[in-house]
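Next come the chains, spelled out residue by residue.
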Amino acid sequence: MDLVRSKLLAAFPHGFTTRRGGVSPPPWDALNLGGSVGDDPVRVAENWRRLEAATRLLFARVRQVHGARVVHLDVASVPAEEADAVVSTEAGIAACVSVADCVPVLIADPGSGAVCAVHAGWRGTIAGVAAEAVRALARISGAPPGRLLAAIGPSIGPCCYEVSPDLADRFRAALGPVVREGPAPRLDLWASNRRILEAAGVAPERIDSMDRCTACERDTFFSHRRDAGRTGRQMAFIAPHDLTAGRALP
Ligand SMILES: [Zn+2]
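Residues numbered from 1 in each chain as written. Predicted model: local features only at pLDDT ≥ 70, side-chain atom pairs only at ≥ 80, totals over all residues. Heavy atoms only, no water.

With respect to helix α5 (residues 189-199)
Item 1. Listed as buried for α5 are Leu 189, Trp 190, Ser 192, Asn 193, Ile 196 and Leu 197. Angularly, the buried residues of α5 cover 160° about the axis, an arc narrow enough to put them on a single face.
Item 2. The opening residue of α5, the one whose side-chain oxygen lies 3.0 Å from the backbone nitrogen of Trp 190, is Asp 188.
Item 3. Just downstream of α5, Gly 201 is the residue with a positive phi angle, here 110°. (Buried < 20%, exposed > 50% of the residue type's maximum accessible area, 1.4 Å probe, protein only. Helix = DSSP H or I, 4+ residues; strand = E, 2+ residues; numbered from the N terminus. Arc of directions from axis to C-beta. Polar contact = N/O pair within 3.5 Å; in protein donor to acceptor, adjacent residues only side chain to side chain.)

Observations regarding the sheet that holds strand β9 (residues 149-152)
Item 1. Ordered in space as β4-β5-β8-β7-β9-β12, the six strands form an open sheet in which the pairing is mixed. On the outer flanks of this sheet lie β4 (70-72) and β12 (207-209), each paired with one strand and no other. Direction aside, the axes of adjacent strands within the sheet are offset by 15° on average.
Item 2. Pairing of strand β7 (residues 103-108) with β9, which is carried by four bridges, proceeds in the antiparallel orientation. Pairing of Val 105 across the sheet is with Ile 152, part of β9. (Pairing = 2+ DSSP bridges. Axes fitted to C-alpha atoms, helices over the stretch in contact; angles between N-to-C directions.)

Considerations on the nonpolar core
Item 1. If you look at the biggest cluster of nonpolar residues, it comprises 38 residues, and the most contacted ones within it are Ile 107, Cys 116, Val 118, Leu 187 and Leu 197.
Item 2. With six residues, the top contributor of residues to this core is helix α3 (residues 129-141).
Item 3. With 23 residues, the next largest nonpolar core counts Val 71, Leu 73, Ala 151 and Ala 236 among its residues. (Core = buried A, V, L, I, M, F, W, Y, C linked by side-chain atoms within 4.5 Å.)

A short note on the pattern of salt bridges
Item 1. A complete count under the given rule lists 15 salt bridges for this structure.
Item 2. Residue Glu 46 is joined to Arg 49 by a salt bridge in which the shortest nitrogen-to-oxygen separation is 2.9 Å. Here Arg 49 and Glu 46 lie together in helix α1 (residues 41-55), a separation of three residues that amounts to about one turn.
Item 3. Here Glu 82 and Arg 63 are joined by a salt bridge, their closest N and O atoms 2.2 Å apart. (Salt bridge = Lys/Arg side-chain N within 4 Å of Asp/Glu carboxyl O.)

So, the coordination of the zinc ion
Item 1. Only Cys 159 (SG), Cys 160 (SG), Cys 213 (SG) and Cys 216 (SG) from the protein coordinate the zinc ion, and they sit 2.3 Å from it.
Item 2. Note that the zinc ion binds four donor atoms; their angles at the metal cover 104 to 116°, and the shape is tetrahedral.
Item 3. Summarised as a motif, the one-chain spacing of the donors to the zinc ion is C-C-x52-C-x2-C.
Item 4. Owing to a relative accessible area of 37%, Cys 159 belongs among the partly exposed residues under this scheme. (Donors = N, O, S within 2.8 Å, 3.2 Å for Na, K, Ca; no water. Tetrahedral: all angles 85-135°; square planar, octahedral: opposite > 155°, others 65-115°.)

What follows is the structure, given as structure tokens:
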């Protein structure tokens, strides 16, 4: 199973899944982890089983609603509770979010081992879900925001994310120069989330913007925009670093 990882988060069991390593046929080929995109639930369950086996983790999932709510879950769960960021403080339980262009942000506290996974499309980004996640993780773990590490994972890049002039204006007003001009404005959600994390107190050098575009990398990632909605979902996940057990990384 191919997982993309951030060097900055190397001490934590974490990853961004890719299309590779699953059993689903086109257009969900192959490691589709989304349960409501038209794929056969039996195949999706097998894909999840493979992810659990490859990582030796269990997954705390939420029903994502493009908001800014953060929940603290310490048990594995199917998507039921409505939220767009998940905190885990239990070794072996991965906080995770599902994406196919939206920005996944993984945040970790190397002091306590606590972690958070964030789902930030344009709505969540402008609602400040990444800042809410920093505040929640800091409160729960006792970490000053400056101690946190963050990785901005594979998602649609400013190369490909054309938006309406109105939406571009909203982002300029809220976050500054995060729009690339051209025949159609293109929104930089990576820079947007970096600015939000920095404003929330995360140190610039402790943010890894991975600059991997889901729409450009057809063979590697699902992209809702590129595939006109007929596609699968990849997961971004991170589990607490167990400070006592020295648990091996998957
Ligand atoms: Zn691109």
